[in-house]
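Per-entry structural report
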Amino acid sequence: DIEPVERVRRAVQSDVVTGLRLEEELLRSLDEKIEAGERPSIVFFRLSALAALQQRLGAFTADTIVRVAALRVNSIIRQTDELFRYGSDGIALVCGGAIDADRLADIAGRVRVKLAAPFRVDADAAVHVGAVVATRQVPEGAVSAVDIMKSVVASVNRSLETAAH
């Protein structure tokens, strides 16, 4: 059984909607891996139509979509991988262990497939949300999780801006 203090700590560090750990925990986990000499890989995605859906269908529906997206991605990860909530519409998958670029591309492709399926919003309607996905292999000698995440988030944001124009 989990001690009450541990329960509170986990609650504070986890997203209420998805149960995933939050951005601060993502950065801590990446920093620990980098300091240990590991080179984790990251698959980061943003649910591209989430803001528009939230305006149209409400916050509860948007939260449900994020929760289902997290569950879908969680269904394809390995025990050594970790999922984190990043902002309102982002999720980061940190792949544990050394994986090559081809394997990382395969994982990103599987994430895209999982998120391409429609999300049921009620008994009669489903919506396509879409996701912009970016990957990064942490380079040898990397120093900062913050810099790595800034890079991967900027890549996704550029893709979203390009798609909007």
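Overview of the structure. (Residues numbered from 1 in each chain as written. Predicted model: local features only at pLDDT ≥ 70, side-chain atom pairs only at ≥ 80, totals over all residues. Heavy atoms only, no water.)

1. A word on the overall build of the protein
- The helix and strand inventory of the protein stands at six helices and six strands.
- N-terminal to C-terminal, the α/β element order of the protein is α-α-β-α-α-β-β-α-β-β-β-α.
- Taking 165 residues into account, the globule formula puts the C-alpha radius of gyration at 15 Å, and the protein, at 16 Å, falls close to it.
- Here the protein, with 165 residues, has 40% of them falling under the buried criterion.
- In the protein, the proportion of contacts linking residues at least 24 apart, taken out of those at least 6 apart, comes to 68%.
- Carbon and sulfur atoms make up 53% of the accessible area of the protein, which totals about 9,200 Å².
- When the 21 basic and 23 acidic side-chain charges of the protein are each reduced to a single mean position, those positions are 5 Å apart. (Helix = DSSP H or I, 4+ residues; strand = E, 2+ residues; numbered from the N terminus. Rg over C-alpha atoms; globule rule 2.2 N^0.38 Å. Buried < 20%, exposed > 50% of the residue type's maximum accessible area, 1.4 Å probe, protein only. Contact = heavy atoms within 4.5 Å. Areas by Shrake-Rupley, 256 points an atom, 1.4 Å probe, with all protein chains shown as cover. Lys, Arg positive; Asp, Glu negative; His and termini not counted. Charge placed at Lys NZ, Arg CZ, Asp CG, Glu CD.)

2. Considering the packing of aromatic side chains
- One pass over the structure, following the stated rule, counts one aromatic pair.
- Between the aromatic rings of phenylalanine 44 and tyrosine 86, the centroid separation amounts to 5.2 Å while the plane-to-plane angle is 85 degrees, which identifies the pairing as edge-to-face. Placement of phenylalanine 44 in strand β1 (residues 41–47) and of tyrosine 86 in strand β2 (residues 82–86) is noted, with a sequence separation of 42 residues between them.
- Residue classification places phenylalanine 44 among the buried residues on the basis of a relative accessible area of 0%.
- Judged by its relative accessible area of 11%, tyrosine 86 is buried.
- Of note, arginine 72 hangs over the ring of phenylalanine 119, and the distance from its end group to the ring centre comes to 3.9 Å. (Phe/Tyr/Trp six-rings, centres within 6.5 Å; stacked < 30°, edge-to-face > 60°. Lys NZ or Arg CZ within 6 Å of the ring centre and 35° of its normal.)

3. With respect to helix α4 (residues 59–74)
- Along its 16 residues, α4 runs 22 Å from first to last C-alpha, staying within 8% of the 22 Å computed at 1.5 Å per residue.
- When we look at burial in α4, the residues that qualify are Thr61, Ala62, Ile65, Val66, Ala69, Ala70, Arg72 and Val73. (Expected span 1.5 Å × (residues − 1).)

4. A few points about the sheet that holds strand β3 (residues 90–95)
- The strand order across the open sheet built from four strands is β2-β3-β1-β6, with neighbouring strands paired in antiparallel fashion. The open sheet has two free edges, formed respectively by β2 and β6 (131–137), since each of these has just one partner strand. For this sheet, the mean angle separating the axes of adjacent strands, direction not counted, is 20 degrees.
- Bridge analysis of β1 against β6 gives seven bridges, and the strand direction is antiparallel. (Pairing = 2+ DSSP bridges. Axes fitted to C-alpha atoms, helices over the stretch in contact; angles between N-to-C directions.)

5. Focus on the pattern of salt bridges
- For the coordinates displayed, the defined rule picks out nine salt bridges.
- Across the pair arginine 28 and glutamate 25 runs a salt bridge whose closest N-O atoms are separated by 2.6 Å. Of the two residues, arginine 28 and glutamate 25 are both situated in helix α2 (residues 23–35); the distance of three residues between them amounts to about one turn of the helix.
- Across the pair aspartate 89 and arginine 46 runs a salt bridge whose closest N-O atoms are separated by 2.8 Å. Remark: arginine 46 occurs in strand β1 and aspartate 89 occurs in the loop between β2 and β3; sequence separation between them is 43 residues.
- In this structure, a network of salt bridges that share partners links the residues Arg21, Glu24, Glu25, Arg28, Lys33 and Glu82. (Salt bridge = Lys/Arg side-chain N within 4 Å of Asp/Glu carboxyl O.)

6. Comments concerning the pairing of β2
- Here β2 lies mainly inside the structure; five of its five residues are buried.
- Of the two faces of β2, both are covered, the one formed by Glu82, Phe84 and Tyr86 as well as the one formed by Leu83 and Arg85.
- Bridge count between β2 and β3: five bridges; the pairing is antiparallel. In the strand pairing of β3, tyrosine 86 is matched with glycine 90.
- Counted along the chain from β2 to the antiparallel partner β3, the turn is three residues long, and its residue glycine 87 has a positive phi close to 70 degrees.

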